[in-house]
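An overview of the molecular structure
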Amino acid sequence: MTQAAARCTRGGGVGDGADHGALARWRLPVPDDVVVARQVARVYLERFGLGAERADQAELVVSELVTNALRHGAAPVELRVWPCPLRCVVVEVRDAKDCPLPLPSPVAPWDLTPWTESGRGLALVTELSGGYCGTVPLAAAGKSVWAALAADSPLVCPRALTAFVDSRVRSDLPGLP
């Protein structure tokens, strides 16, 4: 683990990076350090019961969502990882820019050509999450972009999951300071 990741898990993030009511969250200490985001998330992804292969996929989702927020969003950027009672782990990235994202992505990874310069990230997130992803506007400012990854078997009710995530995002810290 890098020194920045160690700082993040020992207090460089919002709170102390610990599992507070099954929510792990961090304000990224280095604005462009996607490596830190992957490293600190990995610890909690495994703690929440994702197997190694699924944790690898979740790490990729973290990387894509954080990169997107840093590249196209606005500071501050906050990463959250939390287990959902509907047998999945939710990866959520918040930033302060108000702009909806097309999630689930209308573009499939196989629709992209080798010459396509952008658009792969959200298509990849959609594919890895099985389409269980979305965007929720935050009350004060900004947005939450999330993807859910099933711990074992496929999720059964997309509407229930979307409603649950939407309700949790809207009720917990409505905007970024």
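Values in this document were obtained by computation on a predicted structure and should not be read as measured data.

Further remarks concern the overall build of the protein chain. Per the secondary structure count, the protein chain includes five helices and five strands. Along the protein chain, from the amino end to the carboxyl end, the secondary structure elements read α-β-α-α-β-β-α-β-β-α. Residues classed as buried in the protein chain amount to 45% of the 177 residues present. Just so you have it, the protein chain exposes about 8,500 Å², and 56% of that area is on carbon and sulfur atoms.

Glancing now at the confidence of the model for the protein chain. Put simply, the protein chain has an average pLDDT of 74, and 68% of its residues get 70 or more. With pLDDT under 50 throughout, residues 1-21 is counted as low confidence; its partners more than four residues away or in other chains account for 47 contacts.

Here we have five strands laid out as an open sheet, ordered β1-β2-β3-β5-β4, and antiparallel in their pairing. A single partner strand is all that each edge strand has here, and the edge strands are β1 (24-27) and β4 (133-137). The mean inter-strand angle of the sheet, taken between neighbouring strand axes irrespective of direction, is 20 degrees. Where strand β2 (residues 78-84) meets strand β3 (residues 88-95), seven bridges bridge the pair, whose relative direction is antiparallel. From the neighbouring strand, Trp82 faces β3, where its bridge partner is Val90. The sheet strands contacting helix α5 (residues 158-171) are β2, β3, β4 and β5 (143-150), and the helix crosses β2 at an angle near 130 degrees.

On to the pairing of β4, then. Pairing analysis gives five bridges linking β4 to β5, with the strands arranged antiparallel. Bridge pairing in β5 links Gly134 to Trp146. Connecting β4 to the next strand, β5, in antiparallel fashion are five residues, including Gly142 with a positive phi near 95 degrees.

Okay, the state of the cysteines next. Every disulfide links exactly two cysteines, by a covalent bond between their sulfur atoms. Tallied over the full model, the rule gives zero disulfides. Left without a disulfide partner, Cys84 is nearest to the cysteine sulfur of Cys88, which lies 3.9 Å away. According to the relative accessible area criterion, Cys84 is buried, its value standing at 6%. According to the relative accessible area criterion, Cys88 is buried, its value standing at 3%.

With that settled, the discussion passes to the packing of helix α2 (residues 34-47) against helix α3 (residues 52-72). Running from amino to carboxyl end, α2 crosses α3 at an angle of 145 degrees, the nearest separation of the two axes being 9 Å. Like other packed secondary-structure pairs, α2 and α3 cross with a definite hand, here right-handed. Contact residues: α2 offers Val34, Ala37, Arg38, Ala41, Arg42, Leu45 and Glu46, while α3 offers Ala52, Ala55, Asp56, Ala58, Glu59, Val62, Ser63, Val66, Thr67 and Leu70. Residue composition of the contact of α2 with α3, by class: ten nonpolar, two polar and five charged.

Our next topic: the nonpolar core. Leu45, Val61, Leu65, Leu79, Val81 and Val91 are the most contacted members of the largest nonpolar core, which totals 32 residues. At the level of secondary structure, the elements contributing two or more residues to this core comprise β1, α2, α3, β2, β3, α4 (120-128) and β5. Beyond its immediate chain neighbours, meaning those up to four positions away, Val61 contacts Val91, Val125, Leu128, Ala147 and Leu149. With twelve residues, the next largest nonpolar core counts Cys84, Tyr132, Ala148 and Val169 among its residues.

Bringing the pattern of salt bridges into the picture now. Opposite charge on two side chains permits them to pair, given that their charged atoms come into close proximity. Summed over all chains, the structure comprises five salt bridges. Where Glu78 meets Arg80, a salt bridge forms, and the shortest distance between an N and an O atom there is 2.6 Å. The burial state of Glu78 is the same as that of Arg80; both residues are buried. Between Arg94 and Glu92 there is a salt bridge, with its nearest N and O atoms 2.6 Å apart. Comparing Arg94 with Glu92, the two get one shared label, buried.

Conventions adopted
- Residues numbered from 1 in each chain as written.
- Predicted model: local features only at pLDDT ≥ 70, side-chain atom pairs only at ≥ 80, totals over all residues.
- Heavy atoms only, no water.
- Helix = DSSP H or I, 4+ residues; strand = E, 2+ residues; numbered from the N terminus.
- Buried < 20%, exposed > 50% of the residue type's maximum accessible area, 1.4 Å probe, protein only.
- Areas by Shrake-Rupley, 256 points an atom, 1.4 Å probe, with all protein chains shown as cover.
- pLDDT = per-residue confidence, 0-100.
- Contact = heavy atoms within 4.5 Å.
- Pairing = 2+ DSSP bridges.
- Axes fitted to C-alpha atoms, helices over the stretch in contact; angles between N-to-C directions.
- Disulfide = S-S within 2.5 Å.
- Left-handed = near helix turned anticlockwise from the far one by under 90°.
- Nonpolar A, V, L, I, M, F, W, Y, C, P; charged D, E, K, R; others polar.
- Core = buried A, V, L, I, M, F, W, Y, C linked by side-chain atoms within 4.5 Å.
- Salt bridge = Lys/Arg side-chain N within 4 Å of Asp/Glu carboxyl O.

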